[in-house]
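# Observations on the three-dimensional arrangement
Single-letter residue listing:
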Amino acid sequence: MKEWTLPLAMGAGTVVYLLFDRIPALDAPGDALAPFIAEILPLFIFVILFLTFCKVDFQRLRPVTWHWRVALFQLLLIFALVGAVLLWHIEGKHLILMEAALTCVIAPCAAAAAVVTDKLGGSLEELTTYTFLSNFLTAILVPVCFPLVDHSVDMSFLQAFLLIFYKVSLVLIMPMLLAYIVKHYMHRLHRWLVSLKDLGFYLWGCSLSIVTGTTVKNIVHADTTVSFLLLIAFLCLILCLLQFAVGRGLGHSVHRTQEAGQALGQKNTAFAIWIASTYLNPLSSVGPGCYILWQNIVNSIELWQKEHQSETACKR
């Protein structure tokens, strides 16, 4: 069951949402649960990161070579998308496609990428460092790029930067500080938390169920044709595979294939959905909604391969 945690989580999120959506008798319980679900997701993410950061060696949190390579590729891809919109004056449905693609590229590295990297045997410290760098980069790029792509966007650089930085602080900096305090000053509690090996992974599975249910809701109620939704989903699949593949390639020469692949490929899709819904055409949020399904299929395959490699090594 451990190998199938992520597919089962996505399947559960899909089935539960469709049951509540299609069965009239569940309307009242669904309305009552909706605020609770919205509030519990950030709590899941906070606890997941706190447990992950408890394992981090804080003295090893420093930028390394592959960080700059991955960041440079992300910048080039963002500039290519923004440049295409400006050069060809893209509008209408084609602009929605470009906005969906842009949110899937400009989104920062997912907080859960550290969980996957740890499970795959990669460097937790290097991935954690890049997660912070990636979020800071996104906070700068969103206020610069979005007004260029969509002229209806009304935001000042400072206002958008501070709002994004505030959200990043809640999600990343607070659990990091708490983990630092526990690790250095509450040793017995720290040893107990570190002994809970897979708790963060299973909590991530729970949060994935919630996010998947939200994604299915956005797709089901999207005000457009099925063919256009499929086009968005296919475009995001190509972007997902491209970013994972390029990330792995950029990290290969420095023996950081897993870390660089996760850093570039695994995105904070909840954040991407928020910025798309807040600043761009709301329909573009379907893009990062689909991306979360693709990236977790990739993660499931990677974890399955890692598990079977470990089993084969043990047999030898």
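Look above for the structure.
Everything in this summary refers to the structure shown in the same document. All of these numbers come straight from a predicted model, not from anything done at the bench.

## Some remarks on the nonpolar core
The biggest cluster of nonpolar side chains holds 91 residues, and the ones touching the most others in it are Ile78, Leu102, Ile106, Phe146 and Trp204. Residues within four places of tryptophan 204 in sequence aside, it is in contact with Leu6, Ile48, Ala112, Val115, Val116, Gln266, Asn296 and Asn299.

## A few points about unusual backbone geometry
Phi angles above zero are rare outside glycine, and histidine 89 is one such case at about 50 degrees. You can see histidine 89 is positioned in the loop between helix H3 (65-88) and helix H4 (92-106). Of the residues examined, histidine 89 reaches a relative accessible area of 62% and is grouped as exposed. Despite not being glycine, histidine 255 has its phi angle at roughly 60 degrees, a positive value. Along the chain, histidine 255 turns up in the loop between helix H10 (226-252) and helix H11 (257-265).

## Some thoughts on the pattern of salt bridges
Under the criterion given, the structure shown has six salt bridges. One salt bridge connects arginine 256 with glutamate 259, and the closest N-O pair in it is separated by 3.8 Å. Exposure remark for glutamate 259: the relative accessible area of 5% places this residue in the buried category. Salt bridges sharing common partners tie together Glu126, Arg256 and Glu259.

## Side note on the environment of leucine 172
Secondary-structure assignment places leucine 172 in helix H7 (residues 157-185). Overall, the relative accessible area of 1% leaves leucine 172 in the buried class. For the pair leucine 172 and isoleucine 48, spaced 124 residues apart in sequence, the C-alpha to C-alpha distance is 11 Å. Once you skip the residues sitting within four places of it in the chain, leucine 172 turns out to touch Leu49, Phe53, Thr131, Phe132 and Asn135.

## What to know about the packing of aromatic side chains
This structure, assessed with the given rule, holds eight aromatic pairs. Taken together, a centroid distance of 5.7 Å and an interplanar angle of 35 degrees make the contact between tryptophan 66 and tyrosine 130 tilted. On the criterion of sequence distance, the pair formed by tryptophan 66 in helix H3 and tyrosine 130 in helix H6 (residues 124-149) is long-range, its members being 64 residues apart. Each member of the pair, tryptophan 66 as well as tyrosine 130, is classed as buried. Aromatic side chains tryptophan 274 and tyrosine 279 sit 6.0 Å apart centroid to centroid with 75 degrees between the ring planes, which places their arrangement in the edge-to-face category. An aromatic cluster of at least three residues, connected via ring pairs, comprises Phe146, Phe271, Trp274 and Tyr279. Taking NZ or CZ as reference, lysine 93 lies 5.0 Å from the ring centre of phenylalanine 228, over its face. Here the guanidinium or amino end of lysine 119 rests over the ring plane of phenylalanine 201, the centre of that ring lying 5.0 Å away.

Rules used in this analysis
- Residues numbered from 1 in each chain as written.
- Predicted model: local features only at pLDDT ≥ 70, side-chain atom pairs only at ≥ 80, totals over all residues.
- Heavy atoms only, no water.
- Core = buried A, V, L, I, M, F, W, Y, C linked by side-chain atoms within 4.5 Å.
- Buried < 20%, exposed > 50% of the residue type's maximum accessible area, 1.4 Å probe, protein only.
- Contact = heavy atoms within 4.5 Å.
- Helix = DSSP H or I, 4+ residues; strand = E, 2+ residues; numbered from the N terminus.
- Salt bridge = Lys/Arg side-chain N within 4 Å of Asp/Glu carboxyl O.
- Phe/Tyr/Trp six-rings, centres within 6.5 Å; stacked < 30°, edge-to-face > 60°.
- Lys NZ or Arg CZ within 6 Å of the ring centre and 35° of its normal.

Read these as spatial facts, not as claims about activity.
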